[in-house]
Amino acid sequence: MKPRPIFARTFFSLIACLALASQACAISLIEWPTFPTPSGGTPLPSGATATPAPRAQVTFTVQLPEPLLPGESLDLSVVDEVTGLAYNAVPYTMNQVDAVTFTKQLEIPDQAVIRYRYVRKGGNTIVNEDTNGDQIIRYRLFYVSGPTQITDTVSSWADRAVNTVSGSVSGTVLNADTGAPIPDMLVTAGGVHFFTNSAGQFKINNLRAGAHNLVAYAMDGTFTTFQQGATVAANSDTPVQIRVKPAPLVNVTFIVSVPSGTVGPNVPIRLAGNLLQLGNTFSDLRGGFSVVADRMPTLSPTGDGRYSVTVPLPVGADVQYKYTMGDGFWNAEFTSEGKYVTRRILVPAQNVTIEDAVQTWQAGPKAPIVFDVTVPGNTSPTDKIYIQFNLLLGWSLPIPMLQQAQNRWVYKLYGPLNITGSFTYRYCRNAQCDSADDAQTVGPNAHGRNITPALTPQDIIENVGAWAWPLNVGSASLVATNIPSRGSGFMAGVEYQSYYDPQTPAFNDLALQNIQSLGANWVIYTPSWTYKRTAPVVFTQQPGKDPFWVDTLAAVSQARTRNLNIALFPQPRFETNYTDFWKNAPRDPNWWVDWFEHYRAFAIHFADLGTQSGAQAIVLGGDWILPALPNGLLADGSPSGVPADAETRWKNLIAEVRQHFRGNVLFALPYNSTDFALPVNILRDTDGVYLLWFAKLSAQASPNKADLIAEAGNLLDQNIAPWQPQVGKPFIIGLSYPSSTYSATGCIPDGSGACRDWTALNRPNADLSTVSLDLQQQVDIYDAVLNAMNTRSWVSGFISRGYFEPVELQDKSASVHGKPARDLLWYWFPRLLGNIK
């Protein structure tokens, strides 16, 4: 049987549906009439025109893996990604044809792209479909293009063991006009989602043999939607080449009037929608939501009581949207009957103005609640305060509050307030709830502050007494040092922590401003892919956890605007950690072929991204890479089984990367042990060696600074310097020491005699009680390595690793953002670069 948590998720979805029954869990403005059209069907709003959108008759036929049990029925569930997949699904009960075949006819707006999935119902239980690989199906896609018949195949159910054989669909997505590959296209079949890489490639695994609907969809609508049926054979792959045409952009101006007296001065009204540029992340985020307030366009007052925004949108795009003072769920618009609103337009071939009116922000009789909070005086003046609500499915996404005065923030909550008797909430800084919380409500399991909606308005006036990891410690003590200039070619900068959530890009420019103020000339971004499976290898982008192509393009553009050099250092994400990944992998010859091919696609993807973005360098390798290098070893010292031709594979890969990227190619290797050997022949093909330094500097939990300086110099001279002339390339040091006790030992104790990796202290990981906060130890380590490097001119760069982009925290992590160690960088970087004599 499958794991219980999957079944639990379906049960919680049922709870949500029951709780929202009064708010159209089965009746919604996205509900379509069945065929033939019944009287009283609620049409989908069509925006610019009063003429009803033309509808097409669509027949859905689905094959199940096995017959339903007595008393069970099958629903086609149309989901609403703008509101949240868990909150506004519209079920249509299907008609049985035979034991495993069901059908349903619906009338759906023509040219719409709908999101749906199949659910099995029995009594009080709802069970979602999933894949043969036990992946939850978020939704299937269907593009309506006139009267259509669609045939689907359900692979498996979330509460049952897989009993069907699988096949796959693979291919490329190309621009029909130019033949160029298209990255970040969403390709889906059987409800399995895959996002194309820079070569336009995709592979959809774990499809039950049978008929599937294959759809390629541009998340921003800038390419036409492709759709065709695909027959998948058991234990085989179905190849497909997809060509889609680019869609031109037109300006769509949205103008909305709102209920009188509901929107105060400076209160932002946002446009939430189903496209990437309207806040959709195409991912399962906290609380069952997908759209993020910080990624939405904001409307401006027009002077006549209305609000407007002009958004370039692709011609022909099916845009589903709503107006909100929060996200797609909280403080979004409702009908006067308390139903969710999801509007729709089909973008025309010319500029257009859409005029709408919000009927109400409330659902039901419960009155609005004003949250008025004063935060501590040591809150950074650049911080934004967010409020987060905890409903049926856990903590939802944080929503920005409105600043009323220094350290005073306000948020007025209108709805939905009729969905539960009470709920909880909390405050955090820069959307980093779980990391930068109110000290009384820290972490994902915090209960929060209680609130019960009432029929009369409530004003909640309160204080945050202290923040988690507050900025209590001031600047580091600086000692005047003679620092010879290394010139502008020296790399002086920071490497971002390999962490992403869709709200972090909102804080990138402020982080870059802080980095620039250090006198740095480089920033190293760490975009990622995720290992979803070890064998066979599934290594690709996971929305919500890995940044989109456009996210990295925007981040690089912001850094270039600030005259910073940019390196892309792509990172893998693992289910647990890289030690377990290597240990549990089969590592037989066939597996290694698969692994190298996936790493090659990963490296080429980011090389192409580096070229398009204008980055100056790309970094291969990483802390985790040693088992894949010649004579590779696992963490326990045993051979990894890497192929004998590993050196040739790496040299060929570096040569191929250079065909895609004309900037510098660096190779990163961990330096955490005196048992240190370099793959010289591989490194000679690169432009530099990036040493990821977390080596032992002391055996003491709280070491002496003089001893640190001596040992840093000893390691440079005895361990590292002998390799530099052999490689004949620049050596750059990347320092990754946490601000905790035991940091200088190069071992974060786990309490059982073993060591944790330095990244275990990164946010938003749970805190480790085995070490204590020690900001001064981090300062002393930085001071020691900088002074040791100062007299060794062969060192060509110094990078501070683990920089936590979204917020300043004086926590135990390696990030220097907001810590005294940054003052050392502020002193050293401009002098090393010759900008201060």
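Residues numbered from 1 in each chain as written. Predicted model: local features only at pLDDT ≥ 70, side-chain atom pairs only at ≥ 80, totals over all residues. Heavy atoms only, no water.

J.: Teacher, can you tell me more about the overall build of the protein chain here?
T.: Along the backbone of the protein chain there are 11 helices and 46 strands. The C-alpha atoms of the protein chain give 28 Å as radius of gyration, which agrees with the globular expectation for 837 residues (28 Å, within 12%). In terms of overall dimensions, the protein chain has C-alpha extents of about 85 × 60 × 55 Å along its principal axes. Here the protein chain holds 837 residues, and the buried ones make up 59% of them. Taking all contacts inside the protein chain whose residues are at least 6 apart in sequence as the whole, residues at least 24 apart take part in 76%. In the protein chain, 58 positive and 66 negative side-chain charges are present, and the distance between their average locations comes to 1 Å. (Helix = DSSP H or I, 4+ residues; strand = E, 2+ residues; numbered from the N terminus. Rg over C-alpha atoms; globule rule 2.2 N^0.38 Å. Buried < 20%, exposed > 50% of the residue type's maximum accessible area, 1.4 Å probe, protein only. Contact = heavy atoms within 4.5 Å. Lys, Arg positive; Asp, Glu negative; His and termini not counted. Charge placed at Lys NZ, Arg CZ, Asp CG, Glu CD.)

J.: Would you take a moment to explain the environment of Pro 381 for this structure?
T.: For Pro 381, the position within the fold is in the loop between strand 25 (369-374) and strand 26 (385-391). Expressed as a C-alpha distance, the spacing of Pro 381 and Gln 406, which sit 25 residues apart in the sequence, is 8.0 Å.

J.: Before we go on, may I ask you to explain the side chain of Gln 320 in this structure?
T.: Here Gln 320 is to be found in strand 22 (residues 318-324). Assessed through its relative accessible area of 16%, Gln 320 is described here as buried. From its side chain, Gln 320 meets the backbone oxygen of Val 113 in a polar contact 3.3 Å long. With residues near it in sequence (within four places) discarded, Gln 320 still touches Val 82, Val 113, Ala 272, Gly 273, Asn 274, Thr 342, Arg 343 and Arg 344. (Polar contact = N/O pair within 3.5 Å; in protein donor to acceptor, adjacent residues only side chain to side chain.)

J.: Help me understand the side chain of Thr 238, please; the structure alone is not making it clear to me.
T.: Considering the arrangement of structural elements, one finds Thr 238 in strand 17 (residues 237-244). Overall, Thr 238 belongs to the buried group, its relative accessible area being 16%. A polar contact of 3.2 Å, which involves the side chain of Thr 238, links it to the backbone oxygen of Thr 231. Each residue touching Thr 238, except ones within four places of it in the same chain, is listed here: Ser 168, Val 169, Ser 170, Thr 231, Val 232 and Ala 233.

J.: Could you clarify how one ought to interpret the pairing of strand 11 (residues 166-175) in this entry?
T.: A regular strand carries its side chains on alternate faces of the sheet. Of all the 10 residues making up strand 11, eight are buried; the element is thus mostly covered by neighbouring parts of the structure. Pairing of strand 11 with strand 14 (residues 201-208), which is carried by six bridges, proceeds in the antiparallel orientation. Within the sheet, the bridge partner assigned to Val 169 lies in strand 14 and is Ile 204. The pairing of strand 11 with strand 17 spans eight bridges and is parallel. Paired with Val 173 across the two strands is Ile 242, which belongs to strand 17. (Pairing = 2+ DSSP bridges.)

J.: Looking at this structure, how should I read the packing of helix 3 (residues 549-561) against helix 5 (residues 589-613)?
T.: Two quantities define a packed helix pair, namely the angle between the helix axes and the distance between the axes. Remark: helix 3 packs on helix 5, axes separated minimally by 10 Å, with the N-to-C direction vectors making an angle of 45°. Between helix 3 and helix 5, the angle falls in the class oblique. Note that helix 3 runs across helix 5; the crossing there is right-handed. Across from Trp 549, Thr 552, Leu 553, Val 556 and Arg 560 in helix 3, the residues of helix 5 making contact are His 605, Asp 608, Leu 609, Gln 612 and Ser 613. Looking at the contact of helix 3 with helix 5 residue by residue, the classes come out as four nonpolar, four polar and two charged. (Axes fitted to C-alpha atoms, helices over the stretch in contact; angles between N-to-C directions. Parallel < 35°, antiparallel > 145°, perpendicular 65-115°, else oblique. Left-handed = near helix turned anticlockwise from the far one by under 90°. Nonpolar A, V, L, I, M, F, W, Y, C, P; charged D, E, K, R; others polar.)

J.: What's the story with helix 5 in this structure? I'm lost.
T.: Three or four residues apart is the spacing at which side chains of an α-helix point the same way, because the helix has 3.6 residues per turn. Taking 1.5 Å of rise per residue, 25 residues should cover 36 Å, and helix 5 covers 36 Å from first to last C-alpha, within 8% of that figure. Immediately beyond the C-terminal end of helix 5, within one or two residues, lies Gly 614, with a positive phi of roughly 90°. (Expected span 1.5 Å × (residues − 1).)

J.: Help me understand the packing of aromatic side chains, please; the structure alone is not making it clear to me.
T.: A complete count under the given rule lists 62 aromatic pairs for this structure. Aromatic side chains Tyr 531 and Phe 574 sit 5.4 Å apart centroid to centroid with 15° between the ring planes, which places their arrangement in the stacked category. With Tyr 531 in strand 36 (residues 528-533) and Phe 574 in the loop between strand 39 (571-573) and helix 4 (578-584), the pair connects residues that are 43 residues apart, well separated along the chain. You'll find Tyr 531 and Phe 574 in the same group, each marked buried. Cation over ring: Arg 120 sits above Trp 157, and NZ or CZ is 5.3 Å from the ring centre. Above the ring of Trp 395, the side-chain terminus of Arg 426 is found at 4.4 Å from the ring centroid. (Phe/Tyr/Trp six-rings, centres within 6.5 Å; stacked < 30°, edge-to-face > 60°. Lys NZ or Arg CZ within 6 Å of the ring centre and 35° of its normal.)

Read these as spatial facts, not as claims about activity.
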